[in-house]
Amino acid sequence: MLVLRARVLSPIDPNTVRFLDDALVVIGGTGRIVDVRPPDGTPVDADLRPGVLTPGFVDAHLHYPQVRKVGAATGPLLDWLEGEIFPEEARFADPEHARHIAEVFCRSLAAAGTTLALVYGSVHPEATDILFQALDRAGLRAIAGPVLMDEHCPEVLQLPPDQALPALEALADRWHGHDGRLQVAVIPRFALSCSEAMLAGAGRLSRERGLLATAHLAENPEECALARDRFGTPDYLTIYEQAGLVHDRSVFAHCVHLSDSEWDRFAAAGARVAHCPDSNFFLGSGHMPVEQVERRKIPLCVGTDVAAGRTFRVPRILSSAYDNAVAVGTPVDPRRLLWWGTRGGALALGETRVGSIERGMSADLVWSDLPEWGDNVDCAPAWLLFDHDAPRPHRTWVRGRVVWDREGGGYPW
Ligand SMILES: [Zn+2]
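Residues numbered from 1 in each chain as written. Predicted model: local features only at pLDDT ≥ 70, side-chain atom pairs only at ≥ 80, totals over all residues. Heavy atoms only, no water.

Details of the nonpolar core
Generally speaking, nonpolar side chains in soluble globular proteins are found buried as a group.
Link 1 in the chain: Tyr64, Leu217, Tyr236, Tyr240, Phe266, Trp340 and Leu349 are the most contacted members of the largest nonpolar core, which totals 130 residues.
Link 2 in the chain: Counting residues per element, this core draws most heavily on helix H2 (residues 95-111), at eight residues.
Link 3 in the chain: A domain-level breakdown of this core finds at least three residues from each of domain 1 (2-55 + 355-405) and domain 2 (57-348).
Link 4 in the chain: Apart from residues lying up to four places away in sequence, phenylalanine 266 is in contact with Leu217, Leu237, Phe252, Cys255, Leu258, Ala271, Arg272, Val273 and Ile298.
Link 5 in the chain: Formed by 17 residues, the second largest nonpolar core is a distinct cluster that contains Ile357, Ala363, Trp367 and Trp397. (Core = buried A, V, L, I, M, F, W, Y, C linked by side-chain atoms within 4.5 Å. Buried < 20%, exposed > 50% of the residue type's maximum accessible area, 1.4 Å probe, protein only. Helix = DSSP H or I, 4+ residues; strand = E, 2+ residues; numbered from the N terminus. Domains from an automatic or database assignment. Contact = heavy atoms within 4.5 Å.)

Let's talk about the sheet that holds strand S14 (residues 300-302)
Link 1 in the chain: Ordered by their spatial adjacency, four strands build an open sheet running S11-S12-S13-S14, and the pairing between neighbours is parallel. Every interior strand has two partners, whereas the edge strands, strand S11 (213-217) and S14, have only one. Direction aside, neighbouring strands of the sheet carry axes that sit 30 degrees apart on average.
Link 2 in the chain: One ladder, built from three bridges, connects strand S12 (residues 250-254) with strand S13 (residues 272-275); its direction is parallel. In the strand pairing of S13, phenylalanine 252 is matched with valine 273. (Pairing = 2+ DSSP bridges. Axes fitted to C-alpha atoms, helices over the stretch in contact; angles between N-to-C directions.)

With respect to the coordination of the zinc ion
Link 1 in the chain: The zinc ion binds to the protein through His61 (NE2), His63 (NE2), His216 (NE2) and Asp305 (OD), with metal-donor distances spanning 2.1 to 2.4 Å.
Link 2 in the chain: Around the zinc ion sit four donor atoms, and with donor-metal-donor angles ranging over 88 to 171 degrees the site reads as irregular.
Link 3 in the chain: Considered as a linear motif, the donors of the zinc ion on their single chain read H-x1-H-x152-H-x88-D. Of this pair, histidine 216 sits in strand S11 while aspartate 305 sits in the loop between S14 and helix H11 (314-327), and the two are 89 residues apart along the sequence. Each member of the pair, histidine 216 as well as aspartate 305, is classed as buried. (Donors = N, O, S within 2.8 Å, 3.2 Å for Na, K, Ca; no water. Tetrahedral: all angles 85-135°; square planar, octahedral: opposite > 155°, others 65-115°.)

In structure tokens, the structure reads:
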């Protein structure tokens, strides 16, 4: 049993948050929250006030092999991939390099307060296995998989379907469902790096084994034109539809340049958007049309998209999401942003046990600073998301276990 006393900020639904200025959060031995109640004289293990406890953040799109390329300002997308990213990702053929970066990657997630992440791994199955080992040691919750690529990228990064798909199945046998925290995803990087056979194989695996599928979609106009041209389809989404990759366990990153028809089919299939506004700004990819998503009630999560995104901190990305929404003329309330980065994000990824501080939920929590004047339900979400000068979180827990402790030596694993 662990009893924390703190201010508590937690989403209830997309438009409503709960703010408690002084509360006890009681965590049971299984790592579940067993009670949230006013102080009643129960001895506490830690008094975190005036800090605030929020649910752990959900990062729905980022790349493990790109950690060292954060801030490589060489967009647009296709030039950046060719010049900076593909050479860096090729280094993951070396297990030593993969091991070192996997450690850095997990530390960066935990110190950012991210407790659930959807991670693009390396094209190298061994490097992705190393990532899973690091995520397991760190105690983080993640959905990850090797990136599938077999065409139109450097040869050292190509793995044909008859090798890549069995390797993915072997990873799924080993890690899918591991400790209730880790899942394996099917990740064809994007249409431009995959053959039709690879996309079809990925779609089949995702449906047969019930694995989440994720890919980049309509990030950049040049990418869209090339994809349509290469596959001979009327639009980009058709390529993924033909491969059976568009369903209610699909998460598509970016979705900046889709037609009305694509948005309609996307929504009808139950697919989800991973909105990556900071990356879209940094590579000059464009603005995501939030109203298309909201109008169709498409589940939305947000991604840092490290390394095209410049931070591991989901609150910074939510701040960028605010800027993006203002730019397209549909401002978003901070409460809704918080939903996207916590409970809403988790639900979009199919994870029902995390994302709010309520009885029965997993104790995936973050302890952050909140200025003394951010002491009400109107101010607290805005301060949490928009104060770019705020330091890193003090502490992060997954299932009640500390995975980051700023004052206590950093990483306990
Ligand atoms: Zn990406």
